[in-house]
Amino acid sequence: MIRRALAVLLAALVLTAGAAQAAQAAGYRYWSFWDRDGDSWSYASLGPSLSRPEDGDVQGFRFAVSEDSQDATRPRGAAEFSVICARTPARDGKKRVALVLDFGTAADAPSGERPTARRTVCARVAPDATTADALAAVAGPLRYDSNALLCAIDGYPRKGCGEQVASGEKPAATDSTASADDSEGGASVGLVAGVAAVVVLGGAAIWQARRRRG
């Protein structure tokens, strides 16, 4: 009976630790890049520095916390070339690319920062220009890391680039220290409380087993 109680205790401890790890599953905070295909978005197969859109194409960027491309959050709102580029007439020797810039929500913003409103812009650039060229023409300053990962559009965010974020992290706060403490402390307290509860239950089971044997 005591062995059975110990086995139950061990299993409960493993489940508690596993639940805590699942709650802290990581995502990444970054600018995702999208191609518009008809009425829907598809995750771009090339980065903006390699993509060469054609005249009339619509592309989008969305800042959010995502685990991977399958989980990535799409740009919001309407995205029609005829509307976005309505006030940018065609010109010989140039192409027009419609861009949707979605700076995301407060929940996805880095601590101490606020996203600006979503907007659309029409870039008129050289025929061989990349998406990065078009973006730089209408939404600078841009910021890249040493691996050419796009970190900021129009200066947002001010710092950070593709950093890992726990899935249970709370929305950004003005006090970065308080936000980090709340996020990490909540997970630690929950884990300690869970382990304590399991220990108490396990101890009670062992005591009852001994009592029956006595």
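This text follows the structure it describes.
These lines cover the structure that appears in this document, whether it is placed above or below.

The rules behind these values
Residues numbered from 1 in each chain as written. Predicted model: local features only at pLDDT ≥ 70, side-chain atom pairs only at ≥ 80, totals over all residues. Heavy atoms only, no water. Helix = DSSP H or I, 4+ residues; strand = E, 2+ residues; numbered from the N terminus. Buried < 20%, exposed > 50% of the residue type's maximum accessible area, 1.4 Å probe, protein only. Phe/Tyr/Trp six-rings, centres within 6.5 Å; stacked < 30°, edge-to-face > 60°. Lys NZ or Arg CZ within 6 Å of the ring centre and 35° of its normal. Core = buried A, V, L, I, M, F, W, Y, C linked by side-chain atoms within 4.5 Å. Contact = heavy atoms within 4.5 Å.

**Section: the environment of Phe-103**
And then number 1: Residue position: Phe-103 is located in the loop between strand S4 (95–102) and strand S5 (119–125).
And then number 2: In this structure Phe-103 comes out as buried when scored by relative accessible area, which is 1%.
And then number 3: It is 7.9 Å that separates the C-alpha atoms of Phe-103 and Tyr-156, two residues lying 53 residues apart in sequence.

**Here we look at the packing of aromatic side chains**
And then number 1: As enumerated under the stated definition, the model contains six aromatic pairs in all.
And then number 2: An angle of 15° between the planes, with centres 4.9 Å apart, marks the rings of Phe-33 and Phe-61 as stacked. You can see Phe-33 sitting in strand S1 (residues 26–37) and its partner Phe-61 sitting in strand S3 (residues 58–66), a full 28 residues away along the chain.
And then number 3: The class of Phe-61 is buried, set by a relative accessible area of 0%.
And then number 4: Counting every residue linked through ring pairs, the aromatic cluster contains Trp-31, Phe-63, Phe-103 and Tyr-156.
And then number 5: Its end group placed over the ring of Trp-41, Arg-36 keeps NZ or CZ at 4.9 Å from the ring centre.

**What about the nonpolar core?**
And then number 1: Trp-31, Phe-61, Leu-99, Leu-101, Leu-135 and Ile-153 are the most contacted members of the largest nonpolar core, which has 20 residues in total.
And then number 2: The set of elements that each furnish at least two residues to this core consists of S1, S3, S4, S5 and helix H3 (131–139).
And then number 3: Beyond its immediate sequence surroundings of up to four residues, Leu-99 is in contact with Gln-59, Phe-61, Ile-84, Arg-119, Thr-120, Val-121, Ala-123, Thr-131, Ala-134, Leu-135 and Val-138.
And then number 4: Among the nonpolar cores identified, the runner-up in size contains twelve residues, and Trp-41, Ala-72, Phe-81 and Ala-98 belong to it.

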